[in-house]
Amino acid sequence: MCYLSREQSGLMTPLVVPTSAGDTAWLLISAALVLLMAPGLALFYGGLVRSKSVLNMMMMTFGATAAVLVVWVLGGYSIAFGDDVAGGLMGNPMQHFGLSDLVSGKADSWLSVPVILFALFQGLFAVITGALISGAIADRARFGAWMVFVSVWTLVVYAPVAHWVFDFSREGHTGGWLANSVGLIDFAGGTAVEVCSGASALALALVVGRRVGFGRDPMRPHNLTLVMLGAGLLWFGWFGFNAGSALAANHAAGLIFATTLCAGAAGVLGWLAVERVRDGHATSLGAASGMVAGLVAITPSCASVTPIGSLIMGASAGAICAWAIGLKYRLGVDDSLDVVGVHMVGGIVGTLGVGLLGSPLAPTAVAGVLYGGAPTQLGRQAIGVVAVLAYAFVMTFIVGKVIDKTMGFRIDPEHEVSGIDLVVHAETAYDLHATAGARSGPFGH
Amino acid sequence: MDGYYSWMLISASLVLMMTTPALALFYGGMSRTKSVLNMMMMSFSATGIVGLTYVLWGWLMSFSSLGWAAADPQDPGWDFATLFANPFDQFGLQGTQPANYVFVAFQLTFAVITAALISGAIADRVKFSAWIVFVPIWITASYFPMAHMVWGGGFLSNAAGGLADVIFSGDGSAAVAPIDYAGGTVVHINAGVAGLVLALIIGVRRGFGKEPMKPHNLTLTMIGAGLLWFGWFGFNAGSIVFTSTKESEMITQFTTETGLVWINTTTATCAAMIGWLVVERVRDGKATSLGAASGVVAGLVAITPACGALSPLGAIGLGLIAGALCALAVGLKFRVGFDDSLDVVGVHLVGGLVGTIGVGLFSTSTGLLYGAGVRQLIVQVAVALFAVAWSAAATLIVGLGIKYSMGWRISDEAELDGIDFAEHGESAYEFGSRSGAMVHGPVAVSRQTTLQEQGSS
């Protein structure tokens, strides 16, 4: 990721770089920031569902965090970042089992930061990507089926895709095909994270089917303050996601910080403008969603654009996603919390946007079409989008179908109507009555 | 080492965030609607009080006898029988070397969260004034000395004449050094034991074991758990102690050890969450979100003393054990009959013991399971037992002193009506459909109306 510019100019990354305390400090806090995006997402999603299913929504994110990270330590990291064994398609799955070979750190390695920290930083990307999918199957999925799904999905969908996109070749190590043979520029995961989670969400929404009452009953967000708190934490965490992907505390990290900030702000404005013109009101839900849409779009392009470019990128993503989330009602797919409309569409906007808005002055040093560059890079970006989208959709559909046929993905329709929290987790989120638990009496204690 | 310095600044901030607001949210969501504000106030007030005492005499009582922490490195202050150092050596940080300020800040946040953790054992029923008096005395009697013993070269460190030296004597110091990377004894066993003793002194809540006392807002608890996890990276990865003073070797240690600590902190926590949920699923049939949040904390507690000594696979093993054991332990309070309201004992004492003793099993260099014999295990058990005894004695004296002077409990009437209103004059929520719509005057009126409506419905 950090050596992208050297890749583009045809130089191999040097085998050994000196370790740096400053880079390590920045990656430590960045990794913690990316982990914070998980509870941020849990709040964002939790506030969007109804009060009878908020705990299940949050549990899908918390559960995914635990399952994905354990699977990542055991095998996922090796598939993604092990030496290539299948022509750029996947790494050696046994190479770093349990990360045991990374425990005794070496003073000099191919990174200026601890490789074991890099391994977990990447694992957190898998966590976020997996957890994002849960938004498409809100209110209706069995918790056990979800836990099995997200573990298998990490190994067969995310880890290979991460290998394609993020694993750069260096002396003595062969990486994935999109990064090295195609020359895709995806700095922090427009394809591997956003398009991948969006396409997987679409496939899983088709497998699991629509909620009872979809398109008929109003299914309004039950607590927009949680949504806004979650969106705020996501933005905060995204600095670790994007600027941390520089893997160094340097000028590139500084520029990425700026573009990430600009795109989030422009995303809010783009989404609100569409709402104001189309519906007459700028909503708080729109502000939170627009922020996320802008951040999604800047994820692949954060090291390729100028601040002005990031403003255009964010505003376009906000406007396009605001329009795209309406499609689900026309297509009849219950992508409950708009994972497809925001993450897949936003990811495509951002990834293709590199080919349009890329600036030769930015760290990746590629000129987009609008900056007088050749359309070659746009083509490379399109190959990346199509490959990841198709692979994630097909594989997720297969994994989801198998789980649906064997253990079953849906809860009982009756339970879905009465509320998944009580049925699956034996809890309810709120007990807010002023006298709750106070005296025996009104509540039949 | 400017990179290390910036990491310590962010680490101290992260750990402060663990108390205010993360622990306040975690505990607040678990209590009932009528007592959430009091619960949060106990965390906030602990920050206020301990923050001041730490700067005035806490840092000195823990560390001033060490050369690098003394005002004059050639002439470090005395310490009393290796139990605590001179509290007046640099009173109020007068004369403290400026380079040490960041360590004062970092250690301050540890003392703050230890005190705040205790409050979960005594929810819903304690006078705010009694808590305000308890915190500074307890932190002085229990926490500051124990921090000195474990980290300040005192009785529970590897120093000559210390507990480990008594058991296996080496060449001028202990042959087997006790391992407590970030506070399994000082923070978690200490707070867990204090919670247990206080819960016994203060007694059960009215209706304990009879009425359901369900968490009133689990979304708050999950926010709190998520923020605690985030903050814990500062807690553990900021606790690195350098073994060399050469700049190049320090950079090497920093850029290898912090990564391992970070990953162990995460994998143990993930495994503990799974361990807790599996126990729940098997025992009760449902995996709960309260269980996930509690499992996260149990794993973090257990890995705290062990995070520098384990491999990622060892951390997964330790986390699974901690999650499962703590899930079983929180059920004990109903059988034994002490009201550890928010499971401080079940999570922090049990998790702290699992981690502290688990190091003797899972340590890659000295652990029993890695073929290095039982000596580390024996030292860890001895240190843990001493920490339990010290904390129990200190808490017993302070707790009983308050009980027989100013008294701990609020009146039964106030407890049933809700401590928020009785002690703080506020209530946390105003969600009624008519709130703010009509001129009702004081809050008490609208509360009364609500009660009447329930009576008639």
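In this text, all values refer to a predicted model and were calculated from it rather than measured experimentally.

Caption draft 1: Structural context of the overall build of chain A. Secondary structure summary: chain A contains 16 helices and two strands in total. The C-alpha radius of gyration computed for chain A amounts to 22 Å, which stays within 12% of the reference 22 Å derived for 445 residues, consistent with globular compactness. Principal-axis analysis of the C-alpha atoms places the extent of chain A at approximately 75 × 50 × 40 Å. Here chain A holds 445 residues, and 63% of them are scored as buried. Taking the contacts inside chain A whose residues are at least 6 apart along the sequence as the reference set, 77% of them involve residues at least 24 apart.

Caption draft 2: Representation of the overall build of chain B in the model. Per the secondary structure count, chain B includes 16 helices and two strands. For 457 residues, the compact-globule formula gives about 23 Å, and the C-alpha radius of gyration of chain B, at 22 Å, lands near that figure. Its C-alpha atoms give chain B principal-axis dimensions of roughly 80 × 50 × 40 Å. Within chain B, buried positions represent 61% of all 457 residues. Counted over contacts in chain B with a minimum sequence separation of 6, partners at least 24 positions apart contribute 77%.

Caption draft 3: Representation of the domain arrangement of chain B. If you check the domain split of chain B, you get domain 1 (2–412) and domain 2 (432–457). Each of domain 1 of chain B and domain 2 of chain B has a C-alpha centre, and these two points are 43 Å apart.

Caption draft 4: Looking closely at helix α2 (residues 36–63) of chain B. Within α2 of chain B, the axis deviates most sharply at Y54 of chain B, by approximately 65 degrees. Of all 28 residues in α2 of chain B, 20 are buried, a share of seventy percent or more.

Caption draft 5: Examining the nonpolar core more closely. Membership of the largest hydrophobic core comes to 332 residues, with the highest contact counts inside it found for L28, A31, V70, L117 and I128 of chain A together with L228 of chain B. A per-element tally of this core places helix α3 (residues 54–81) of chain A first, with 21 residues. Beyond its immediate sequence surroundings of up to four residues, L117 of chain A is in contact with L27, L28 and A31 of chain A together with T258, G259, W262 and I263 of chain B.

Caption draft 6: Structural detail: the confidence of the model for chain B. For chain B, the average pLDDT comes to 91, and 94% of its residues sit at 70 or higher. Quick note on the complex model: pTM equals 0.87, ipTM equals 0.79.

Caption draft 7: Molecular detail of the interface of chain B and chain A. Listed as interface residues are 63 residues of chain B and, on the opposing side, 59 residues of chain A. Elements with a contribution of two residues or more to the side of chain B that touches chain A: α1 (2–30), α7 (218–237), α8 (247–284), α9 (289–303), α10 (312–329), α14 (412–417) and α16 (443–456) of chain B. Per-class residue counts for the side of chain B that touches chain A are 33 nonpolar, 22 polar and eight charged.

Caption draft 8: Structural detail: unusual backbone geometry. The omega angle of the peptide bond from T20 of chain B to P21 of chain B is 15 degrees, so this bond is cis rather than trans. Structurally, P21 of chain B can be placed in helix α1. Look at D338 of chain A: it is not a glycine, yet its phi comes out positive at around 65 degrees. For D338 of chain A, the location among the structural elements is in the loop between α12 (327–331) and α13 (339–357). Residue D338 of chain A is classed as buried on the basis of its C-beta count, with 24 C-beta atoms lying within 10 Å.

Caption draft 9: Expanded view of the packing of helix α2 (residues 21–48) of chain A against α3 of chain A. Residues and elements named next belong to chain A. Running from N to C, α2 and α3 cross one another at 160 degrees; their axes reach a closest spacing of 8 Å. Judged by the angle between their axes, α2 and α3 are roughly antiparallel. The two elements α2 and α3 meet at a crossing, and its hand is right-handed. Contacts from A38, L41, A42, Y45 and G46 of α2 reach α3 at V54, M57, M58, T61, F62 and T65. A per-class count over the contact of α2 with α3 returns eight nonpolar, three polar and no charged.

Caption draft 10: Examining the environment of L370 of chain A more closely. Residues and elements named next belong to chain A. By secondary structure assignment, the location of L370 is in the loop between α13 and α14 (376–406). Look at L370 and you get partly exposed, because 14 C-beta atoms sit within 10 Å. Apart from residues lying up to four places away in sequence, L370 is in contact with L356 and L357.

Caption draft 11: Layout of the environment of R409 of chain B. All names here are of chain B. Considering the arrangement of structural elements, one finds R409 in the loop between α13 (375–404) and α14. Note on R409: 17 C-beta atoms within 10 Å, which makes it partly exposed. For the pair R409 and D124, spaced 285 residues apart in sequence, the C-alpha to C-alpha distance is 9.5 Å. Contact partners of R409, with chain neighbours within four places excluded, come to R125, V126 and I202.

Caption draft 12: The packing of helix α8 (residues 224–242) of chain A against helix α10 (residues 284–301) of chain A, seen in detail. Residue and element names in this part refer to chain A. Where α8 contacts α10, the axes come no closer than 9 Å and their chain directions differ by 15 degrees. With respect to each other, α8 and α10 are oriented roughly parallel. Here α8 runs over α10; the crossing is left-handed. Each of L224, V227, M228, A231, L234, W235, W238 and N242 in α8 lies in contact with α10, whose residues at this interface are S284, L285, A288, M291, V292, L295, I298 and T299. Across the contact of α8 with α10, the residue classes break down as 13 nonpolar, three polar and no charged.

Caption draft 13: Examining the confidence of the model for chain A more closely. All names here are of chain A. Across chain A, the average pLDDT comes to 91, with 93% of residues at or above 70. Below pLDDT 50 for its whole length, residues 1–13 participates in 27 contacts with residues either more than four positions away or in separate chains. Counting interchain partners and residues more than four positions distant, the pLDDT-below-50 stretch residues 436–445 has 19 contacts.

Caption draft 14: Structural detail: the environment of K401 of chain A. All names here are of chain A. Tracing the backbone shows K401 in helix α14. Among the residues examined, K401 registers 15 C-beta atoms within 10 Å and is labelled partly exposed. Sequence spacing of K401 and A282 is 119 residues, and the spatial spacing of their C-alpha atoms is 39 Å.

Calculation criteria
Residues numbered from 1 in each chain as written. Chains lettered and ligands numbered in written order. Predicted model: local features only at pLDDT ≥ 70, side-chain atom pairs only at ≥ 80, totals over all residues. Helix = DSSP H or I, 4+ residues; strand = E, 2+ residues; numbered from the N terminus. Rg over C-alpha atoms; globule rule 2.2 N^0.38 Å. Buried ≥ 20, exposed ≤ 12 C-beta atoms within 10 Å, placed from the backbone. Contact = placed C-beta atoms within 7 Å. Domains from an automatic or database assignment. Bend = angle between axes of the 7 residues up to and from the residue. Core = buried A, V, L, I, M, F, W, Y, C linked by C-beta atoms within 7 Å. pLDDT = per-residue confidence, 0-100. Nonpolar A, V, L, I, M, F, W, Y, C, P; charged D, E, K, R; others polar. Axes fitted to C-alpha atoms, helices over the stretch in contact; angles between N-to-C directions. Parallel < 35°, antiparallel > 145°, perpendicular 65-115°, else oblique. Left-handed = near helix turned anticlockwise from the far one by under 90°.

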